[in-house]
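Spelled out from the first residue to the last, the chains are:
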Amino acid sequence: MRRRSDDVPSLQGPKSSSWIYGNMIEFILGVPCGEAELGWFAKYGDVVKIHGCFGQERLIIADPGAIRHIFQDPEVFVKSRKFQLITLIGFGQGSLLSANGDSHRRIRSVMNTMFSAPRVRALKPTLERIAKDFSDELASMSGSIVDAHHLLHKTSLRAVTEAVIGYDAVADKKYTATYQDLLGSASHRSRRGVVADTIISWIPDSWIWILMEYPPPELRKLMDHRKMTYSISEKLITSRLESLKSGEPAENDLYSVLVRTNAKATYKMTDTELKEQFGGITTAGEDTTGNSMVWILYVLSQHPEWQARLREEIREADHAASDAGVDYDRLPFLNAIIKEVLRFHPAGSFTEREAACDTVIPLATPLVTSTGTRVSEIKMRKGTKMGISMFGYNRLRSIWGDDAEELNPFRWLDGREIASGGTIGPYANLLNFIGGPRTCLGWRFSILEIQVIVSELMRNFVLSFPEGVSIRPVSAITVVPMDDEGRTWLPLHVERL
Ligand code: HEM
């Protein structure tokens, strides 16, 4: 009997809606974001075959066994060609987001120190100061409806640039405008963009220079941003190196830690690689954390009783705090809210991988193929495209229980076993930060930032969602709140206590 060498054609999934778009319009542009894939998982199992543009086949994966295997081996399951091209053009070859293989391992080993638990913990006072400034700004708007999406992103940009990079980007109006312009155009989603994403992945390496010489407007903005971050980080690194040479004490920001760690490292990053981290870190860290906070405030605005409970917990912690201040990890309800909203409203809905060679992925839950065969692994050919679904994994009943579809922060407090079947990510068994050697580098920083900012807001404000508006999650690189008129914003009524 011939051994099957490609199970993908026989996997089950929705019929193609059109040859040009396949199922990509429902998958990428479907509103609310995540609904289409959750429906497919419910119908076909934890791995679903969908149709990409121009008749391509793709897998959408929520199965924990498959996901763990894929993330553990970044050399076999490489980032999608589109992602690689964009990060290469936007951040440079030495950015952690673009680097692969030995270069990635070398750069990551230096950068891991930068984001270690004690280094991140040391940033608490900086984040508390930023949160306090945000709270003061919000106090001046008390009694009105504010756009919390805009305000949270402004604060998140300040947090990542000031605390991580050591640069006051908010005071640099030119940088902020360039960044916001980039984010605005990159997050604009359209049918044309869905097709362009496929076409861009066909561009061979030898043609990249044409793309860089004659970039489409979105790419031009990415390149402008890159130019600006290069010139800023060049100055920052030079000054950090000078203070190191002259024996001055280190600054508190993580870029200073990076420069000093690198100076002592056996396998060093080059000066260009040091310079190339600014753009990737800011872009990877701002939008994701900003939108995670957006969904937390959205949920809280609809649950005044959860706000009251949080307020009580935080005030008690304030009273009991030592000189070191509040230990946010010790606030059970705060952390239950954060975990549950990250689970239910992941700021990134999926990430993509491609098989670099013929390979096999194991499954935690067997699948039945269209021919009725039960398979507990999937054989696939080189080039198979996969979307790893945060929505799908974060709502698996096999992990989260029968109430996986419900937003319930108390699941984190009622003593149930959350990680049955082994964990994947670095935080609370959630997929938001993925897992394996390319796990999000900034996850600890983003959790601390969220803890500090949400606590500060709960100390001082009551938030409510205004009547007559409705908000739905829409995919725009990350998942943003959008009203029925297509405006991206989070309207919240804020009342100072
Ligand atoms: C809630 C907030 C965040 C979420 C949901 C998030 C999510 C992710 C995900 C899914 C990846 C993997 C992308 C892939 O390989 O497919 C990633 C990688 C990365 N993230 Fe985050 N991130 C967050 C915050 C941050 C912050 C605050 C920083 C930095 C300050 C950061 C820096 C990075 C970097 C540098 C990588 C590349 C790691 C590598 O390839 O080795 N992230 N993040």
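- Looking at an unreviewed UniProt entry, one finds the chain named Cytochrome P450 and attributed to Hypholoma sublateritium.

**Brief notes about the overall build of the chain**
Phase 1 of the analysis: Looking only at helices and strands, the chain has 20 helices and 12 strands in total.
Phase 2 of the analysis: Here the chain has a C-alpha radius of gyration of 23 Å; the compact-globule value for 497 residues is 23 Å, and the two agree.
Phase 3 of the analysis: C-alpha atoms of the chain, sized along the principal axes, occupy 70 × 55 × 40 Å.
Phase 4 of the analysis: Across the chain, every contact between residues at least 6 apart in sequence was considered, and the portion connecting residues at least 24 apart equals 76%.

**Here we look at the sheet that holds strand S9 (residues 461-464)**
Phase 1 of the analysis: Strand order in the open sheet made by the 3 strands is S4-S12-S9, with antiparallel pairing throughout. Two strands lie at the open edges of the sheet, namely strand S4 (145-147) and S9, each paired on one side alone. For this sheet, the mean angle separating the axes of adjacent strands, direction not counted, is 40°.
Phase 2 of the analysis: Pairing of S4 with strand S12 (residues 491-496), which is carried by 3 bridges, proceeds in the antiparallel orientation. In the strand pairing of S12, Ile145 is matched with His493.

**Details of the packing of helix H4 (residues 81-91) against helix H12 (residues 217-245)**
Phase 1 of the analysis: Axis separation between H4 and H12 bottoms out at 7 Å; the angle between their running directions is 45°. Here H4 is positioned oblique relative to H12, judged by the angle of their axes. On H12, the residues touching Ile89, Gly90 and Phe91 of H4 are Leu219, Leu222, Met223 and Arg226.
Phase 2 of the analysis: Split into classes, the residues belonging to the contact of H4 with H12 amount to 5 nonpolar, 1 polar and 1 charged.

**What about the site of the ligand?**
Phase 1 of the analysis: Residues in close proximity to the ligand total 25 residues, the closest being Gly285, Thr288, Thr351, Cys440 and Gly442.
Phase 2 of the analysis: Element by element, the count of residues in the shell around the ligand is highest for helix H15 (residues 277-301), at 7 residues.
Phase 3 of the analysis: The class makeup of the residues in the shell around the ligand is 12 nonpolar, 10 polar and 3 charged.

**Topic: the packing of helix H5 (residues 101-114) against helix H13 (residues 254-264)**
The packing of two helices is summarised by the inter-axis angle and the distance between the axes.
Phase 1 of the analysis: Following both chains from N to C, one finds H5 and H13 inclined at 130°, their axes separated by 8 Å at the closest point. The angle between H5 and H13 falls in the class oblique. Note that H5 runs across H13; the crossing there is right-handed. Contacts between H5 and H13 involve Val110, Met111, Thr113 and Met114 from the first element and Leu254, Val257, Leu258, Thr261 and Asn262 from the second.
Phase 2 of the analysis: Counted by class, the contact of H5 with H13 contains 6 nonpolar, 3 polar and no charged residues.

**Regarding the nonpolar core**
Phase 1 of the analysis: In terms of nonpolar packing, the biggest core is built from 126 residues, with Ile61, Ile67, Leu258, Ile296 and Leu297 touching the most fellow members.
Phase 2 of the analysis: Residues within four places of Leu297 in sequence aside, it is in contact with Ala148, Leu463, Leu490 and Leu492.

**Quick word on the UniProt feature "binding site: heme" (unreviewed entry) in the chain**
Phase 1 of the analysis: Within the UniProt annotation, "binding site: heme" (unreviewed entry) is assigned to Cys440.
Phase 2 of the analysis: Summarising the element assignment, Cys440 is placed in the loop between helix H19 (397-400) and helix H20 (443-460).
Phase 3 of the analysis: Those residues in contact with Cys440 that sit more than four places away from it in its chain are Phe433 and Ile434.

Rules behind the numbers
Residues numbered from 1 in each chain as written. Predicted model: local features only at pLDDT ≥ 70, side-chain atom pairs only at ≥ 80, totals over all residues. Helix = DSSP H or I, 4+ residues; strand = E, 2+ residues; numbered from the N terminus. Rg over C-alpha atoms; globule rule 2.2 N^0.38 Å. Contact = placed C-beta atoms within 7 Å. Pairing = 2+ DSSP bridges. Axes fitted to C-alpha atoms, helices over the stretch in contact; angles between N-to-C directions. Parallel < 35°, antiparallel > 145°, perpendicular 65-115°, else oblique. Nonpolar A, V, L, I, M, F, W, Y, C, P; charged D, E, K, R; others polar. Near = placed C-beta within 6 Å. Left-handed = near helix turned anticlockwise from the far one by under 90°. Core = buried A, V, L, I, M, F, W, Y, C linked by C-beta atoms within 7 Å. Buried ≥ 20, exposed ≤ 12 C-beta atoms within 10 Å, placed from the backbone. UniProt positions renumbered as here; feature names shortened; annotations may be inferred.

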